[in-house]
Number of protein chains: 2
Amino acid sequence: MMISEVAERTGLSISTIRFYEKSGLCPFVQRGSDGKRRFSKTDADWLELLASLRSTGMPLVEMRAFAELYASGDGKVPERKAVLLAHRRRLEDRQAELDRCRVILDRKLKRYDEIIKDQA
Amino acid sequence: MMISEVAERTGLSISTIRFYEKSGLCPFVQRGSDGKRRFSKTDADWLELLASLRSTGMPLVEMRAFAELYASGDGKVPERKAVLLAHRRRLEDRQAELDRCRVILDRKLKRYDEIIKDQA
DNA sequence: CTACCTACCTGAAGCTACTTTAGGTCAAGC
DNA sequence: GCTTGACCTAAAGTAGCTTCAGGTAGGTAG
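Small disclaimer: the values here were computed from a predicted structure and weren't measured. (Residues numbered from 1 in each chain as written. Chains lettered and ligands numbered in written order. Predicted model: local features only at pLDDT ≥ 70, side-chain atom pairs only at ≥ 80, totals over all residues. Heavy atoms only, no water.)

Draft legend 1. Molecular detail of the overall build of chain A. Within chain A, the regular secondary structure consists of 5 helices and 2 strands. Against the 2.2 N^0.38 benchmark of 14 Å for 120 residues, chain A shows a C-alpha radius of gyration of 20 Å, more extended than a compact globule. Along the first, second and third principal axes, the C-alpha set of chain A runs to 70 × 35 × 20 Å. In chain A, which comprises 120 residues, the proportion classed as buried is 37%. Across chain A, the fraction of contacts at a sequence separation of at least 24, relative to all contacts at a separation of at least 6, is 50%. When the accessible surface of chain A is totalled, it reaches about 6700 Å², and 51% of it is carbon and sulfur. Each charge class in chain A can be summarised by its mean position, and for the 24 positive and 19 negative side chains these summaries are 3 Å apart. (Helix = DSSP H or I, 4+ residues; strand = E, 2+ residues; numbered from the N terminus. Rg over C-alpha atoms; globule rule 2.2 N^0.38 Å. Buried < 20%, exposed > 50% of the residue type's maximum accessible area, 1.4 Å probe, protein only. Contact = heavy atoms within 4.5 Å. Areas by Shrake-Rupley, 256 points an atom, 1.4 Å probe, with all protein chains shown as cover. Lys, Arg positive; Asp, Glu negative; His and termini not counted. Charge placed at Lys NZ, Arg CZ, Asp CG, Glu CD.)

See below:
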């Protein structure tokens, strides 16, 4: 699979994928004899997982630690589990923030509507 | 109100509040004769709203546009409403992303548990 | 009275996570 | 053979902060 296809499937930009490779988040991607990256299905799935973690707030440094655990195989599965559990707690926090913001927005919007009505 | 109190109430850091002022997100904050910032209740509320918008993904450039509308008074309430409505749509997107990630995490975690069980 | 502590101030440099730009390779199509 | 398009690299630029270095003003302990 070429880089543009992976970009499409993961939602990451091509530059971001290259940047991730350089940052050690997917150092295992092979190259063809033409020097271009060839992504396996597994590579693409891994990047899809990274994209999901990233877009919900995992910092790169944590993703890199996770990538290193991933690279050292199934022996590190308990550690990998811990990373994902920690991230799930982060999801809860983000969820709460979204909810709080929604309440604030709805209150504000209601007040705006009253002002608009009064102006009319 | 001094800056540290506003920081505590909004969850923004002191540096971020200063940075926001410099960026034109709250250019109306008064100074005492000692040169220090004095925040009114209104200022603090405004910053709390900004904090909420920011933490849920509104970019600074959009917040600045919103601040300018805010500064020009109730005439701009319809435009302000539009900004908040657009942001509420963004909340939906973020929500969906969180949900998607949660599904992926739970699936992964289940698989990890199986691997751990098999290893034991 | 002076020495120190704390809370504020500024401007500038540093950091994270990308994005954009400039310049280059190579195969395919006209 | 010349252009177009997809890839490549290294380097510079950007967003949104944070940290640092250096400075002022008030309060208090010796």
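Draft legend 2. A look at the state of the cysteines. One pass over the structure, following the stated rule, counts 0 disulfides over all chains. Among the cysteines around Cys101 of chain A, which has no disulfide bond, Cys26 of chain B carries the closest sulfur, lying 18 Å off. (Disulfide = S-S within 2.5 Å.)

Draft legend 3. Up close: the protein's contact with DNA strand C. Around DNA strand C, 16 residues are found, and the nearest of them are Thr16, Tyr20 and Arg54 of chain A together with Arg18 and Arg37 of chain B. Backbone atoms, meaning sugar plus phosphate, form 88% of the atoms of DNA strand C positioned within 4 Å of the protein. Within the side chain of Ser4 of chain B, an N or O atom sits 2.9 Å from a phosphate oxygen of DNA strand C. Contact distances for DNA strand C include 2.5 Å between a phosphate oxygen and a side-chain N or O atom of Arg18 of chain B. Counting residues per element, the ones that place at least two in the surface near DNA strand C are α2 (14–22) of chain A together with α1 (3–10) of chain B. For the surface near DNA strand C, the element with the highest residue contribution is α2 of chain A, accounting for 4 residues. (Near = heavy atom within 4 Å. Polar contact = N/O pair within 3.5 Å; in protein donor to acceptor, adjacent residues only side chain to side chain.)

Draft legend 4. Structural detail: empty space enclosed by the protein. Tallying each qualifying case throughout the model produces 1 cavity of 30 Å³ or more. Here the largest cavity is characterised by a volume of approximately 100 Å³. Lining of the largest cavity is provided by Ser55, Thr56, Arg94, Glu97 and Leu98 of chain A together with Ser55, Thr56, Arg94, Glu97 and Leu98 of chain B. Only α5 (77–119) of chain A together with α5 (77–119) of chain B provide two or more residues apiece to the lining of the largest cavity. (1 Å grid on protein atoms, 1.4 Å probe; cavity = no way out; pocket = protein on both sides within 12 Å on 5 of 7 lines; lining within 4 Å. Points joined across faces, edges and corners; volume = space filled by probe spheres on them.)

Draft legend 5. Structural detail: the nonpolar core. With 60 residues, the main nonpolar core has Ile17, Leu47 and Phe66 of chain A together with Ile17, Leu47 and Phe66 of chain B as its most contacted residues. Apart from the residues lying within four places of it in its own chain, the contact partners of Ile17 of chain A are Ile3, Val6, Ala7, Thr10, Leu12, Phe39 and Leu47 of chain A. (Core = buried A, V, L, I, M, F, W, Y, C linked by side-chain atoms within 4.5 Å.)

Draft legend 6. Local environment of the protein's contact with DNA strand D. What surrounds DNA strand D is a group of 16 residues, the closest being Arg18 and Arg37 of chain A together with Ser13, Thr16 and Arg54 of chain B. Of everything in DNA strand D that lies within 4 Å of the protein, sugar and phosphate atoms constitute 85%. Between DNA strand D and the protein, one listed contact pairs a phosphate oxygen with a side-chain N or O atom of Arg54 of chain B at 2.6 Å. Where the surface near DNA strand D is concerned, the elements lending two or more residues are α1 (3–10) of chain A together with α2 (14–22) of chain B. The element best represented in the surface near DNA strand D is α2 of chain B, accounting for 4 residues. Its residues placed into classes, the surface near DNA strand D shows 6 nonpolar, 5 polar and 5 charged. (Nonpolar A, V, L, I, M, F, W, Y, C, P; charged D, E, K, R; others polar.)

Draft legend 7. The relation of the copies chain A and chain B, seen in detail. Each copy superposes on the other: chain A lies on chain B with an RMSD of 0.1 Å after a rotation of 180 degrees and an axial shift of 0.0 Å. Within this description, the copies of the chain are treated as partners about a two-fold rotation axis. Taking C-alpha positions as the reference, the residue of chain A nearest the rotation axis is Gln95 of chain A, at 3.7 Å. Interface overlap between copies: 100% of the residues of chain A at the interface are likewise at the interface in chain B, consistent with a symmetric, same-surface contact. (Least-squares fit on C-alpha atoms with pLDDT ≥ 70 in both.)

Draft legend 8. Representation of the packing of helix α4 (residues 60–71) of chain B against α5 of chain B in the model. Residue and element names in this part refer to chain B. Their axes nearest at 9 Å, the elements α4 and α5 cross at an angle of 150 degrees. As the angle between them shows, α4 and α5 are arranged roughly antiparallel. Once α4 is placed against α5, the crossing between them reads as left-handed. Taking contact as the criterion, the partners of Glu62, Phe66, Leu69 and Tyr70 in α4 are, on α5, Glu79, Arg80, Val83, Leu84 and Arg90. Here the residues of the contact of α4 with α5 are counted per class, giving 5 nonpolar, no polar and 4 charged. (Axes fitted to C-alpha atoms, helices over the stretch in contact; angles between N-to-C directions. Parallel < 35°, antiparallel > 145°, perpendicular 65-115°, else oblique. Left-handed = near helix turned anticlockwise from the far one by under 90°.)

Draft legend 9. Summary view of the packing of aromatic side chains. Residues and elements named next belong to chain A. In this structure the tally under the stated criterion is 8 aromatic pairs over all chains. Taken together, a centroid distance of 3.9 Å and an interplanar angle of 0 degrees make the contact between Trp46 and Tyr70 stacked. Placement of the pair is Trp46 in helix α3 (residues 41–55) and Tyr70 in helix α4 (residues 60–71), with a sequence separation of 24 residues. Judged by relative accessible area, Tyr70 falls into the partly exposed class, the value being 24%. Put simply, the rings of Phe28, Trp46, Phe66 and Tyr70 pair up and form one aromatic cluster. (Phe/Tyr/Trp six-rings, centres within 6.5 Å; stacked < 30°, edge-to-face > 60°.)

Nothing here speaks to function; it is geometry throughout.
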